[in-house]
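What follows is each chain in one-letter form.
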Amino acid sequence: MKVIFDKLKDNENYLISTKEIKKLFEIIPNLSKGIKIVHIQNQEPHKSRFPRPVRFEFLNSQLNISAKKLSKEVIVKEILIELISQRGDDITLRPSSYRFLTKNQIRRIENIAKPIIIEYNK
C-alpha cells in the first residue's frame, strides 16, 4: 500500500502519518485488504463535493481522505465509517443513495468501530 500526501504550506502539517495509517490497517486487515493507494488530500471536507471526508474508489482501489483541519481521531473514525459501510459484511450498512448514510446507519457503524478505535489507541 502506498500513502500519498498532497503538499502543504510551510507552516502546516497533517495530523496523521503514514505509520498511523498502516497501524490502523494492521488492525483491520479484512477491511483494508486490496487498498493500493491512500491519498491524503489538502482539502477541507466541507469544500469537497462529497458528503463525507473519506471516500473509497472501487475502480482504482484508492482511499481518498480530505484531511485538512481534521484531527487524527476524526480521520481514523471517518476511515472506519467508510470502510465498514463500503466493504463490511453487513449490506444494510451500505449507502442507499450516492455516498449518503442515514443517521441510523452511522450510529450502527460507530458501534462496530468503537472496539477498533479502542484497540488503535492502545
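Every chain is numbered on its own, with residues counted from 1 as its sequence reads. Local features in a predicted model are, by the rule used here, given only for residues with pLDDT of at least 70; side-chain atom pairs are given and counted only at 80 or more, and totals for whole chains, interfaces and linings are based on all residues. As a rule here, side-chain values cover all heavy atoms of the structure and leave hydrogens and water aside.

K.L.:
Would you explain the packing of aromatic side chains in this entry?
P.N.:
Given two aromatic rings, their pairing is described by the distance between the two centres and the angle made by the two planes. Pairing of aromatic rings covers Phe, Tyr and Trp, the last counted by its six-membered ring, and requires centre-to-centre distances within 6.5 Å; plane angles under 30 degrees mean stacked, over 60 mean edge-to-face, and any other angle means tilted. One pass over the full model with this rule turns up two aromatic pairs. Taken together, a centroid distance of 5.3 Å and an interplanar angle of 45° make the contact between Phe5 and Tyr14 tilted. Whether a residue is buried, partly exposed or exposed follows from its accessible area with a 1.4 Å probe, protein chains only, as a fraction of its type maximum: under 20%, in between, or over 50%, in that order. For Phe5, a relative accessible area of 30% gives the class partly exposed. Counting as a charge over the ring demands two things of the Lys NZ or Arg CZ atom: a distance within 6 Å of the ring centre and an angle within 35 degrees of the ring normal. A cation over a ring is seen here: Lys23 above Tyr120, with NZ or CZ 4.8 Å from the ring centre.

K.L.:
What is the right way to read unusual backbone geometry from this model?
P.N.:
Negative phi is the rule for most residues except glycine; trans is the rule for most peptide bonds. At Ser61, a position not held by glycine, the phi torsion is positive, near 50°. Assignment of secondary structure puts Ser61 in the loop between strand S3 (54-57) and strand S4 (62-66). Taking relative accessible area as the criterion, Ser61 reaches 16% and is therefore assigned buried. The phi dihedral of Lys69 is positive, around 70°, even though this residue is not glycine. Secondary-structure assignment places Lys69 in the loop between S4 and helix H3 (72-87). According to the relative accessible area criterion, Lys69 is exposed, its value standing at 69%. Runs of E in the DSSP output that reach at least two residues are strands. Runs of H or I that reach at least four are helices, and both are numbered from the N terminus.

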